Amino acid sequence: MSGIIVQKFGGTSVQSPERIKAVAGRIAATVERGHRVCAVISAMGQTTDELIELASQVSPDPPVREMDMLLTAGERISMALTCMALDALGHSAVSFTGSQAGVLTDPRHGKAMILDIQPDRVRAALDGGAIAVVAGFQGMSTDTKEITTLGRGGSDTSAVAMAAALGAEYCEIFTDVEGVFTADPRVVESARKLHVVSYDEMLEMASSGAKVLMLRSVEYARNHNVALHVRSSFVDSPGTWIRGEDERMERAIIAGITHDVTEAKVTLKGVPDQPGIAAKLFGDLAEAGVNVDMIVQNVSAEGHTDISFTVNRDEAKKAATLVAKIAGEIGANGYDLDETIAKVSLVGAGMRSHPGIAAKMFDVLASSSVNIEMISTSPIRISCVVHEKDATTAVNALHSAFELEAESALRDSHVGVERIDSGDEAESSSAGVA
Ligand code: ADP
Ligand code: ASP
Ligand code: MG
């Protein structure tokens with residue numbers, strides 16, 4: 001029997017009846033080429049945002065359980081409509097909610113983690129010759145038996161997890177851009193589509209703002225070795241493959257530049273420079289469920305220092321309230337909250353072996369009159385916090401200074417560029433580029 005392919009379609013790809021019919025056509029064409037297809041579908045267009053807004057009109061603080069019941073309705077609408085459109089094309093298709101598809105999660109409403117997938121019904125549908133259409137973004141808690149959601153953008157994770165559970169050949173992520181680009185193509189006009197990106201690079205890109213893939217979906221793909229193909233649902237060209245790094249892989253020093261305007265900076269001022277203060281601050285934040293990203297502690301002057309950290313803007317007020325309380329307890333000079341920051345990052349596996357990238361980044365930002373407020377690094381990423389208003393300037397200046405628009409830019413020598421063949425001659429090219 002032919003292999004299984006998982007195809008995920010994001011919100012824009014199913015935003016109207018016409019788009020749903022186009023998606024059905026795309027799935028049907030894959031089936032007609034001899035594949036078995038499990039489709040994972042997001043809610044239509046802005047449905048999830050509209051449902052969140054609707055909830056806010058009836059309650060200032062909606063119960064998280066009911067919020068998940070509400071939001072999962074979005075994917076339920078689009079999965080059923082997709083099956084109807086497939087039926088109209090003469091294809092047998094069956095839709096499944098997350099729980100029907102066996103997506104088992106922990107009980108945390110709004111940010112549940114997938115613990116296991118038991119896709120018996122999906123597999124039976126596929127074995128019976130039908131197309132399985134699964135609602136993305138949702139599951140059921142093994143513990144509470146409640147319906148859960150996986151966090152914004154969670155359909156990517158649903159798709160990858162389904163691909164792993166079904167032993168799919170690969171997982172295609174159909175979206176509104178043609179693949180993963182060297183920068184957000186909506187911000188940098190000359191951004192270039194990448195042929196191949198390693199899991200490690202994609203993890204850094206996703207965690208630093210490239211929302212084209214949800215971070216957790218990339219973690220899941222890496223842990224389960226699921227090859228991903230990010231591509232457009234609007235045009236038929238090959239997209240970007242995401243897979244494990246190997247010696248044949250494209251070796252750009254910089255894979256891409258990301259920016260993230262979803263964080264805020266909190267500064268605890270005039271902290272007594274004593275052991276245990278950071279442990280208390282970040283311990284209390286962790287206990288309150290606040291996720292901290294970057295942390296900077298200044299050099300102390302006269303026994304006092306400042307500690308700054310970034311958190312998601314959704315959690316900024318909560319973090320600030322907590323910090324105000326801690327400031328009182330430890331005798332600090334109060335706090336600042338800045339919700340107008342942006343994090344700009346350079347990501348690339350080649351950084352490991354190429355010194356001078358950070359210096360060049362700081363130089364480019366300085367030449368563009370962009371002030372750096374915080375810096376953090378990983379072996380393959382350098383991030384700078386700047387003012388939000390400077391984000392577009394910074395990303396464009398870096399993109400051009402590192403010559404990312406050029407295919408041959410800043411590349412390790414002697415390493416060819418290779419694209420993976422999806423197995424569909426009509427859809428993908430396997431040509432090697434020297
Ligand atoms: P979907 O609804 O299909 O899940 P998303 O809106 O979540 O789509 O993700 C696609 C968007 O990600 C694109 O429209 C693009 O603006 C944005 N994006 C940010 N960074 C990148 C990048 N480096 N490459 C491609 N797209 C990016
Ligand atoms: N509909 C959900 C959201 O808007 C999940 C997704 O689209 O991936 O976040
Ligand atoms: Mg998305």
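Fair warning: this is a prediction, and the values are worked out from it, not measured in the lab.

**Student:** Describe the pattern of salt bridges, listing the residues and the values that go with them.
**Tutor:** For the coordinates displayed, the defined rule picks out 24 salt bridges. Note that R231 and E172 form a salt bridge whose closest N and O atoms lie 2.6 Å from each other. Pair noted here: R231 is in strand β11 (residues 228-232) and E172 is in strand β9 (residues 170-175), with a separation of 59 residues, a long-range link. R231 gets classed as buried once you look at its relative accessible area, which sits at 0%.

**Student:** Got a sec to walk through the packing of aromatic side chains? Specific residues and values, please.
**Tutor:** A full pass over the atoms with the stated rule returns three aromatic pairs. Ring centres of F282 and F309 lie 5.4 Å apart, and the angle between their planes is 80°; this geometry places the pair in the edge-to-face category. Of the two residues, F282 is situated in helix α8 (residues 277-287) and F309 in strand β16 (residues 304-312); the sequence distance between them amounts to 27 residues. F282 sits in the buried class, given a relative accessible area of 17%. Taking NZ or CZ as reference, R19 lies 3.9 Å from the ring centre of F234, over its face. When the ring centre of F402 is taken as origin, the NZ or CZ atom of K360, which lies over that ring, is 4.8 Å away.

**Student:** Let's hear about the state of the cysteines: which residues, and what values?
**Tutor:** In the structure shown here, the tally under the stated rule is zero disulfides. Left unpaired, C83 is separated from the closest cysteine sulfur, that of C38, by 10 Å. Unpaired in terms of disulfides, C171 finds its nearest cysteine sulfur in C38, a separation of 8.9 Å. The class for C171 is buried, based on a relative accessible area of 0%.

**Student:** Quick rundown of the site of ligand 2? Include the residues and the values.
**Tutor:** All residues in the neighbourhood of ligand 2 are listed as S42, A43, T48, E75, F137, R152, G153, G154 and S155. At 3.0 Å from an oxygen atom of ligand 2 is found a main-chain nitrogen or oxygen belonging to S155. Contact with the protein chains removes 87% of the 260 Å² of surface that ligand 2 exposes when unbound. Among the residues making up the shell around ligand 2, the classes are represented as two nonpolar, five polar and two charged.

**Student:** Provide a residue-level description of the sheet that holds strand β7 (residues 138-141), including the pertinent values.
**Tutor:** The strand order across the open sheet built from four strands is β5-β4-β7-β8, with neighbouring strands paired in mixed fashion. Two strands lie at the open edges of the sheet, namely β5 (114-117) and β8 (147-149), each paired on one side alone. Sheet twist, expressed as the average angle between the axes of neighbouring strands with direction ignored, equals 45°. With two bridges connecting them, strand β4 (residues 103-105) and β7 associate as parallel partners. The partner of T105 across the bridge, within β7, is S141. Lying over the sheet, helix α5 (residues 155-166) contacts β4, β5 and β7, oriented at roughly 40° with respect to β5.

**Student:** Report on the site of ligand 1, specifying residues and quantitative values.
**Tutor:** The local shell around ligand 1 holds 17 residues, among which T175, D176, F181, D184 and R186 are the closest. For ligand 1, an oxygen atom lies 2.9 Å from a polar atom in the side chain of D184. A distance of 3.1 Å separates an oxygen atom of ligand 1 from a polar atom in the side chain of K211. Considering ligand 1 on its own, with 570 Å² of exposed area, one finds that the protein chains cover 89% of that surface. Across the shell around ligand 1, the residue classes break down as eight nonpolar, four polar and five charged.

Cut-offs applied
Residues numbered from 1 in each chain as written. Chains lettered and ligands numbered in written order. Predicted model: local features only at pLDDT ≥ 70, side-chain atom pairs only at ≥ 80, totals over all residues. Heavy atoms only, no water. Salt bridge = Lys/Arg side-chain N within 4 Å of Asp/Glu carboxyl O. Helix = DSSP H or I, 4+ residues; strand = E, 2+ residues; numbered from the N terminus. Buried < 20%, exposed > 50% of the residue type's maximum accessible area, 1.4 Å probe, protein only. Phe/Tyr/Trp six-rings, centres within 6.5 Å; stacked < 30°, edge-to-face > 60°. Lys NZ or Arg CZ within 6 Å of the ring centre and 35° of its normal. Disulfide = S-S within 2.5 Å. Near = heavy atom within 4 Å. Polar contact = N/O pair within 3.5 Å; in protein donor to acceptor, adjacent residues only side chain to side chain. Areas by Shrake-Rupley, 256 points an atom, 1.4 Å probe, with all protein chains shown as cover. Nonpolar A, V, L, I, M, F, W, Y, C, P; charged D, E, K, R; others polar. Pairing = 2+ DSSP bridges. Axes fitted to C-alpha atoms, helices over the stretch in contact; angles between N-to-C directions. Contact = heavy atoms within 4.5 Å.

These results come straight from atomic positions and should not be treated as a statement about function.
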